[in-house]
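Each chain, written out:
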Number of protein chains: 2
Amino acid sequence: MAIHSSNRTDVNRSAILARLGADGPASRAELARVLALSPALITQLVKELLADGLLVELEQAPSNGGRPARMLGLATSAGHAIGVKVVADHVAFVEVGVDGRVVRSASEPFDATASTFIAELVERIRGFIAAGDGTTVLGLGVGVPGSVDRLGSGVVDSAQLGWTGVELGDALRRATGLPVVVENNVNALAVAERLFGLGRSHDNFLVVTIGTGVGAGVVVDGNVLRGASGGAGEIGHFPVADDGPRCGCGNDGCLEAHIGEGALVRDARDRGAIPPDGGIDDLLAAADAGEDDAIRIYREAGGLLGRTLAGVVHTVDPALVVVLGEGTTGWRHWSPGFEPAFRSHLLRHRRSLPVEIETWQDESWAQGAAALVLAMPFDAAGSAGDQGRLIRERLVGPVVRR
Amino acid sequence: MAIHSSNRTDVNRSAILARLGADGPASRAELARVLALSPALITQLVKELLADGLLVELEQAPSNGGRPARMLGLATSAGHAIGVKVVADHVAFVEVGVDGRVVRSASEPFDATASTFIAELVERIRGFIAAGDGTTVLGLGVGVPGSVDRLGSGVVDSAQLGWTGVELGDALRRATGLPVVVENNVNALAVAERLFGLGRSHDNFLVVTIGTGVGAGVVVDGNVLRGASGGAGEIGHFPVADDGPRCGCGNDGCLEAHIGEGALVRDARDRGAIPPDGGIDDLLAAADAGEDDAIRIYREAGGLLGRTLAGVVHTVDPALVVVLGEGTTGWRHWSPGFEPAFRSHLLRHRRSLPVEIETWQDESWAQGAAALVLAMPFDAAGSAGDQGRLIRERLVGPVVRR
DNA sequence: GAGAGTTAATTTAGAACTAAACAAAGTAGA
DNA sequence: TCTACTTTGTTTAGTTCTAAATTAACTCTC
C-alpha cells in the first residue's frame, strides 16, 4: 500500500547492471527509458559504476537524428552464477555469466533419499566450484521439483524427492558461505525466460513444462507468482477427472497422472504400442514410425493438456504461453491433440494467444536455477530476504567507493 | 524492475487516509508501523493533513507503558463513493462512505441491449446522484459482468450484456465529470473484500462467486490479478468436459454451463425436480424439502466446483477462499458435494485451506463497485491512469495548500 | 553551409523520504 | 519521590531521486 524507499540503496544501480547483462550494451538515454528512471539519475549512477569499474564506455552508436548515444557495457569481470538442478537420482550444475550464457556444466549421480543427502550435495557443489577458473561466484541457485516456502531459508517440500520441511537454503549457505536461492524448478525456468528468453517482452506469461512431471510458472506483472506458500503453478496436480489414475502425490485424476512421462509409457505398454520394458524413447520412435496407438496416446495427452491450459489461461490471462521440458522433443505428436482442444476452449477474443515451443537442452533446468541468482539482486520486493543484498555486495566486490 | 518515485506525490498521504477510513482511528506511531513509513514522515504528513482539515486529532489513548498516543481520525466530511452494478436488465446503485458502509441504495430497470444504453445509464446515474444529500462524490465505480481492458478508459467486453469494445469509462466520465473506474464485477468484489472484508488479513486469496454466472477474483500480493488483458479470473469458462453443454460464450463444457444458475434450473426441469416453468427458488425449496433429485443436482454442482477450485488453488496458491454470490443462499446443499471433492483433490499440505462463505445481500455487487473508487487513490501502481489522482484531488477538495 | 530540428547527456534546485538523536509523557519499582 | 524504563512524537542532517533548464552533438533542409 504505502510506498517507501528504504533499502533501495543500490537497487537501481543493480537494475542498470541487470539490463546491460541481459540485453547487451545500451545508452544512458535508453536505460532511463526502459528502467523508467530520470536521465539525471542514470547519469549519476553510471558515473559511479564507471568509477567502480563495473561498467565500461563503448563506442558511439550511429546517430538517429540527434546527438549519437555513447553505449555502455558490462565489465566482463562482473562474476558468474552457479545453477544446481536437483532430482531424485542426480544433480546437474552449470556456471553462467551475467548474460546467462553457460560457461561450463557437469552432471553427477546423487541419491536424494539417502540420509546424508545434504552432506553429499555440499560435497558435489564444492567440487564443481573448485573446478572453476576462479571467477567470483555471485551465488548459488538451486532448482528443486517441489514447493519452496521461503526463498531465503529455502524450505523444501517435495514428493518427488521425498523431502518435507528440508531447510536446504540455510544448510547450503552455511556450508558454502555463498548467497543461496532455492526455488521450484519451473519457477526458476520462468525467471530465466523473463530475463533472457521470450518473457523479456511480456509482463504476463505462462511457462509450461512437460516431461516426467507437468508444471507451470506464472509470471504476473513481471514477477513470478509464488502464492501464499510458494506453491503456485502446480498444474501437474490439477484434477481433470474424478476417477482418474492414482498420482504420485497420492490423489486421483491429477493432470500429471494422465500425461506425465510415466503415464504415457504405462498407457503405451498397456496398449502394446511399445514392449513391456519399453520407455518414452520407444514411444516417440513408434509415433514417428506412424504407429496408430502411439500417435493416439500423444494426441490424447495433447488434448487433455490443451483443455486444461485453456482453463489456466482463463484464470490468469497471460499474453503468451511458452512450452518447455524434455517432453517437447515429441511435440509434433502432442500438437494435433493440443491445438484444437486449446483453441476451441478459449474465449473468442483470446483464441489467437501465441503458444511457443522452446528447444530444450539437458542443462536448461540448471540454467534456470542460475538465473535465480542473476535475478535476485534486481528484485525490488526482496522476497528472498538478505540474499539479494548479499549477491549485490559480491557483484560490487571489494572495490572501495569514494 | 526499477524503483522510481515519480507521481508518488501524495500516495502516502492517501495511504494514511485509507488506513484511517478502513480501520478506524490510529496513532501516528501505529500508522508508521502498518504503513512501513518512518515516524518522521508520518509526523510531517499528518501535520499537513490536519492543516488541510482532512484529519482530526482525537482523545488520548491510555498509555501502555510509555507516552500515551494521540489518536487520529478521518474528518467526516471526506466524501462518498458511488457504486454501480450493471446487468442485462437492471442497474443497482449504492452510495458508501469512506469506511465502506452503505449510506443509501437504489435499483432501476435498464436495457443493456438497447442502442441508447449509454444515454440511459447516464440518466439513471445522474438521477441517483441528484437524490443524494450533497456530500462530495469522490467518484463512480462501475462493476460489469465481463472483462475490462483498461481500467482508465474502461473498455468493456461482455457476452452477458452483448457489449464488445464499449468505452464505458470514457463515456461516463465525459457525461458526469466524475472520476470513473470500470472493472469486472468479481474483481470489484475482490477489492471490497481486500479493503473491508476477510481479505484485510491476507495478501493472497481467492474470491469465488456462484449464481447466474461463476467467476473468481484472484488477489496476489495484495493486488487483484488482472492479467494481460484484464480477463483474469474467468473460471466460469474453465472447460471441465470435452463434450459438455453449450455455454453462453459459445464454447462447450464450460464450468458455468454446468453449475451456473441456468444450468441447475435446466437440469432440475429435465429431471422433473421442479415444474417446467420453475426457477432457482423452486429448486432450493425442493432441496430444502429433502427431494432427492434437487439435492443431487446441488451435490453434483458442488462436486464439480470443488474439483475445479482445487485445480485453481494449485495454480495460484491462495491462503483463503471466499465464496460469495446469490448462489450461496443454497450453500448448505452445495457443501456435501463441494467439501469432499475440494479437499480430496488438494495436495496434502494444503488440505486445510480455509473456505469462508459470506452472507450475501442484493446490494453487495454495487458495494464492490464502490470499493473500486475507495481503493483507487491508494493503488500505487496507478493502473487506472489518472483516475486515482483525480479521486485524490476530490478527496483533498478545494482546500488551498500552503 | 547556416539555421532548424532531434536526440543525448549534464547541471541545478528542490521534493520525498529515512536514520538517528532528541524531547515529551507516561508507568513501574525502590 | 527519585530513578529507570517504555512508548510516542519531533527535529535535524543527509540520501535518493526528479523536473526543468541547459549544454552537446549530430542530421536534415533549403
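First things first, this report covers the structure right here in the doc. (Residues numbered from 1 in each chain as written. Chains lettered and ligands numbered in written order. Predicted model: local features only at pLDDT ≥ 70, side-chain atom pairs only at ≥ 80, totals over all residues. Heavy atoms only, no water.)

## Notes on the pairing of strand 13 (residues 214-220) of chain B
In summary, the side chains of a regular strand alternate between the two faces of the sheet. All names here are of chain B. Among the seven residues in strand 13, seven count as buried, and that is most of the element. Pairing analysis gives six bridges linking strand 12 (residues 205-210) to strand 13, with the strands arranged antiparallel. Bridging from a neighbouring strand, I210 pairs with V214 of strand 13. What sits between strand 12 and strand 13 in their antiparallel hairpin is a turn of three residues. (Buried < 20%, exposed > 50% of the residue type's maximum accessible area, 1.4 Å probe, protein only. Helix = DSSP H or I, 4+ residues; strand = E, 2+ residues; numbered from the N terminus. Pairing = 2+ DSSP bridges.)

## Comments concerning the interface of chain B and chain A
Each side of the interface is counted separately: chain B has 59 residues, and chain A has 59 residues. Buried surface at the junction of chain B and chain A, summed over both partners, amounts to about 4600 Å²; 59% is from carbon and sulfur atoms. There are two salt bridges connecting chain B and chain A. With a closest N to O distance of 3.8 Å, R307 of chain A and D242 of chain B form a salt bridge. At the junction of chain B and chain A, the tally comes to 22 residue pairs in polar contact (both at pLDDT 80 or more). Residue assignment for the side of chain B that touches chain A shows that the elements contributing at least two residues are helix 1 (11-23), strand 13 and helix 10 (292-316) of chain B. With eight residues, the single largest contributor to the side of chain B that touches chain A is helix 10 of chain B. Residue classes in the side of chain B that touches chain A are distributed as 30 nonpolar, 19 polar and 10 charged. (Contact = heavy atoms within 4.5 Å. Buried area = accessible area lost by both parts, 1.4 Å probe. Salt bridge = Lys/Arg side-chain N within 4 Å of Asp/Glu carboxyl O. Polar contact = N/O pair within 3.5 Å; in protein donor to acceptor, adjacent residues only side chain to side chain. Nonpolar A, V, L, I, M, F, W, Y, C, P; charged D, E, K, R; others polar.)

## Here we look at the state of the cysteines
Cysteine pairs can be covalently joined through their sulfur atoms, and such a bond is termed a disulfide. All names here are of chain A. On inspection of all chains with the given rule, the structure shows zero disulfides over all chains. No disulfide involves C249; its nearest neighbouring cysteine sulfur is the one of C254, lying 3.7 Å away. Take C254: its relative accessible area is 1%, and that puts it in the buried class. (Disulfide = S-S within 2.5 Å.)

## Regarding the sheet that holds strand 7 (residues 137-144) of chain B
All names here are of chain B. Ordered by their spatial adjacency, five strands build an open sheet running 6-5-4-7-11, and the pairing between neighbours is mixed. Strands with a single pairing partner mark the edges of an open sheet, and in this sheet they are strand 6 (102-109) and strand 11 (180-184). The average undirected angle you get between the axes of adjacent strands in this sheet is 20°. Contacting strand 4 (80-86), strand 5 (90-97), strand 6 and strand 7, helix 4 (residues 117-130) runs over the sheet at an angle of about 35° to strand 5. (Axes fitted to C-alpha atoms, helices over the stretch in contact; angles between N-to-C directions.)

## Structural notes on the nonpolar core
Judged by nonpolar contacts, the single largest core of 86 residues is most densely connected at L309 of chain A together with L309 of chain B. The residues contacting L309 of chain B, other than those within four sequence positions of it, are L206, V208, I235, V321, F338 and F342 of chain B. (Core = buried A, V, L, I, M, F, W, Y, C linked by side-chain atoms within 4.5 Å.)

## Some points on the relation of the copies chain B and chain A
Once chain B has been moved 0.1 Å along the axis and rotated by 180°, it coincides with chain A to within an RMSD of 0.3 Å. What the rotation and shift describe, once combined, is the action of a two-fold rotation axis. Taken as a fraction of all interface residues of chain B, those also at the interface in chain A reach 100%, which identifies the copy contact as same-surface. (Least-squares fit on C-alpha atoms with pLDDT ≥ 70 in both.)

## Let's talk about the protein's contact with DNA strand D
Every one of the 30 residues lining DNA strand D counts as a neighbour, but N12 and S38 of chain A together with G66, R67 and R70 of chain B are closest to it. Per the 4 Å cut-off to the protein, sugar and phosphate atoms form 74% of the nearby atoms of DNA strand D. Within the side chain of R33 of chain B, one N or O atom sits 3.3 Å away from a phosphate oxygen of DNA strand D. A distance of 2.7 Å is found between a phosphate oxygen of DNA strand D and a backbone nitrogen or oxygen belonging to R70 of chain B. At the level of secondary structure, the elements contributing two or more residues to the surface near DNA strand D comprise helix 3 (39-52) of chain A together with helix 2 (28-35) and helix 3 (39-52) of chain B. Ranked by residue count, the leading element in the surface near DNA strand D is helix 3 of chain B, at four residues. (Near = heavy atom within 4 Å.)

## Notes on the protein's contact with DNA strand C
Around DNA strand C, the structure places 30 residues, and the nearest of them are T43, G66 and R67 of chain A together with N12 and S38 of chain B. The share of sugar and phosphate among atoms of DNA strand C within 4 Å of the protein is 70%. A29 of chain A places a polar main-chain atom, nitrogen or oxygen, 2.8 Å from a phosphate oxygen of DNA strand C. Backbone polar atom of R70 of chain A to a phosphate oxygen of DNA strand C: 2.8 Å apart, as the coordinates give it. Secondary-structure elements contributing two or more residues to the surface near DNA strand C are helix 2 (28-35) and helix 3 of chain A together with helix 3 of chain B. In terms of residue count, the dominant contributor to the surface near DNA strand C is helix 3 of chain A (four residues). The class makeup of the residues in the surface near DNA strand C is 10 nonpolar, 14 polar and six charged.

## What about the sheet that holds strand 9 (residues 155-158) of chain A?
All names here are of chain A. Strand order in the open sheet made by the three strands is 8-9-10, with antiparallel pairing throughout. Looking at which strands have only one partner, the edges of the open sheet turn out to be strand 8 (147-148) and strand 10 (163-167). Bridge count for strand 8 against strand 9 is two bridges, and the pairing is antiparallel. Bridge assignment links V148 to a residue of strand 9, and that residue is V156.

## Brief notes about helix 3 of chain A
Count 3.6 residues to each turn of an α-helix, and residues three or four apart come out pointing the same way. All names here are of chain A. The first and last C-alpha atoms of helix 3 sit 20 Å apart over 14 residues, in line with the 20 Å expected at 1.5 Å per residue. Within helix 3, the full set of buried residues consists of I42, L45, V46, E48, L49 and D52. For helix 3, the angular spread of the buried residues around the axis is 160°, confining them to a single face. Away from its buried face by more than 90 degrees, helix 3 exposes P39, A40, K47 and A51. Backbone geometry just after helix 3 places G53 at a positive phi near 80°. (Expected span 1.5 Å × (residues − 1). Arc of directions from axis to C-beta.)

## Here we look at unusual backbone geometry
Excluding glycine, residues mostly carry a negative phi; peptide bonds, for their part, are mostly trans. A positive phi is found at D317 of chain A, a non-glycine position, where the angle reads about 50°. Along the polypeptide, D317 of chain A turns up in the loop between helix 10 (292-316) and strand 15 (321-324). Judged by its relative accessible area of 1%, D317 of chain A is buried. With a phi close to 55°, A36 of chain B is a non-glycine residue in the positive phi region. Inspection of the secondary structure puts A36 of chain B in the loop between helix 2 and helix 3.

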